[in-house]
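Here is how the chains run, residue by residue.
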Amino acid sequence: MKYQRLFLSLVAVTCALVLSGCTVGPDYVEPVREAPDAWHTAAVEGLEEGEATLQTWWTVFDDEKLTELVMRSAEGNLDLERALWRVEEARALRGIVSSINKPQVGFSADANRSQASDNGPLGDFAPEEGFEADNLFSAGFGASWEIDVFGRIRRQVEAADAATQASVEAYRDVLVSLYAETALAYVNVRASQERLRIAHANVEAQENTLQLTKDRFESGLVSALDVAQAESNLANTFSLIPVIERDINEGLNRLAVLLGQNPGALHAELDNEVPIPNEPETVALGLPTELLRQRPDVRRAERLLASQTAQIGVATADLYPSFSLAGFLGVEALSASDLGSGDSVTWNIGLPIRWNIFSGGRIRSRIRAEEARTNQALATYEQTVLNALEESENAMVAYVKEAQRRERLSQAVDATQRSLELVLTQYTAGLTDFQNVLDTQRTLLLREDELAVAEGLVIGSLVRLYRALGGGWDPDTAQPPVPPAPFKEAS
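These figures come from a predicted structure and were not determined experimentally.

> In this structure, what is going on with the overall build of the protein? I would like to understand it.
Counting its secondary structure elements, the protein contains nine helices and seven strands. When each of the 491 residues of the protein is scored for burial, the buried share is 38%. A total accessible area of about 27300 Å² is found for the protein, and carbon and sulfur atoms account for 53% of it.

> Got a minute to help me understand the environment of Leu 444 in this structure?
Along the chain, the position of Leu 444 falls in helix H9 (residues 434-468). The class for Leu 444 is buried, based on a relative accessible area of 8%. For the pair formed by Leu 444 and Gln 417, sequence separation is 27 residues and the distance between their alpha carbons is 6.6 Å. With sequence-adjacent residues up to four places away left out, Leu 444 is seen in contact with Asn 202, Val 413, Thr 416, Gln 417 and Leu 420.

> What's the story with the environment of Leu 66 in this structure? I'm lost.
As for its placement among the helices and strands, Leu 66 is situated in helix H2 (residues 64-76). With 120 residues separating them in the primary sequence, Leu 66 and Tyr 186 have C-alpha atoms 7.0 Å apart. Each residue touching Leu 66, except ones within four places of it in the same chain, is listed here: Trp 58, Phe 61, Ala 183 and Tyr 186.

> Just to check I follow, could you spell out unusual backbone geometry for this structure?
Glycine aside, a negative phi is what most residues show, and trans is what most peptide bonds show. Phi angles above zero are rare outside glycine, and Asp 62 is one such case at about 55°. Structurally, Asp 62 is set in the loop between strand S1 (48-49) and H2. Judged by relative accessible area, Asp 62 falls into the exposed class, the value being 71%.

Thresholds applied
Residues numbered from 1 in each chain as written. Predicted model: local features only at pLDDT ≥ 70, side-chain atom pairs only at ≥ 80, totals over all residues. Heavy atoms only, no water. Helix = DSSP H or I, 4+ residues; strand = E, 2+ residues; numbered from the N terminus. Buried < 20%, exposed > 50% of the residue type's maximum accessible area, 1.4 Å probe, protein only. Areas by Shrake-Rupley, 256 points an atom, 1.4 Å probe, with all protein chains shown as cover. Contact = heavy atoms within 4.5 Å.

Structure representation (structure tokens):
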């Protein structure tokens, strides 16, 4: 009866502590970072206001191969796989922390034989023949439960939850970068292939010019100087081809690695000549405030701030006593055959209390350290927001200005082509010297090559703009998938 009263008293004390418990430390409040109501006027010149196509931005280029490669990159990229495993690691660590708040039950058993020393502390009580060896057998279940009166464990779980969410945002950040890098690599390959086509076309045209000078030389109309200059011009154009072919090879290898494949795996697949993807007729942008919701790096910085804020409460809880509920139920006997007897049952229950009353200022110093780390995390969040705004506006300006440059280069190419037709007619008629032909051909090759590069830069700038806006994922989608295998062996 007295044991029942003791047990009920302990339960009553425990319930009172739990019900009266509080969570120490500051409660997290999401920071308010004021974003401008609109983008800078110069940044959006030539762009449209409206809802941006961000979740699947690559579809605006209307290039089936680009869409296919983007999807394949999400399946095979190893950086993305590593980020996914980091999410799984964070989930597992969160499970470890949350288990602290649950009762812990363990089983133990022991069998030993011992004999006290005649010359030991009990020697005076030993019979003349000395102590005999004794056996002791025991087995039972022990249980313990830390009562989270002041919220130390609750703050740990809160920090782990936010850290897990931060790892999810890190995964999304890798996803955003991966889609953009895949698209950029593809665009660079197509732009280099266009440059190669232009170089071959100019080689063919200059070969015709060389043959023209040779015919005129054989007819005695021009000197050998014209032939030598035409040969020099043709050789110089030929010299560009290996450089462009090198760029194509590097771009294809880069694209293969982004897809998790060996270098060279995409050479045959992308060997066909396909135009550089075209940008959509209009490019719509959302408001700067939407950027804070869409950018994974901003969201990750905010979650890390939440996690660190909870650590202040974890440190503060050490100022207060900790309570636990512990107990044991088992059997104990001097003979193994007696373990099944009811008289061998043993049990105990207790309420351990621990309180670090004096620690030389260690606990309060740790609290100050956690507060300092929280202020660092806040500054990091605010800086991340500013960086996102800066990157987005810079990407807008880069896209608009590169498009303007492309338009001027296109006009220059058209004018140079007309000039070349005129100068060749004049040269054939003997109305101008060959140097004008050479200069115009060199200019045409240069302008056409610059235009091909500019075409790639315009599309690349638009890709970078979508990346700066955090495009490539939907904030309303579910969490990243769980990896298919608990452990991946090295191949």
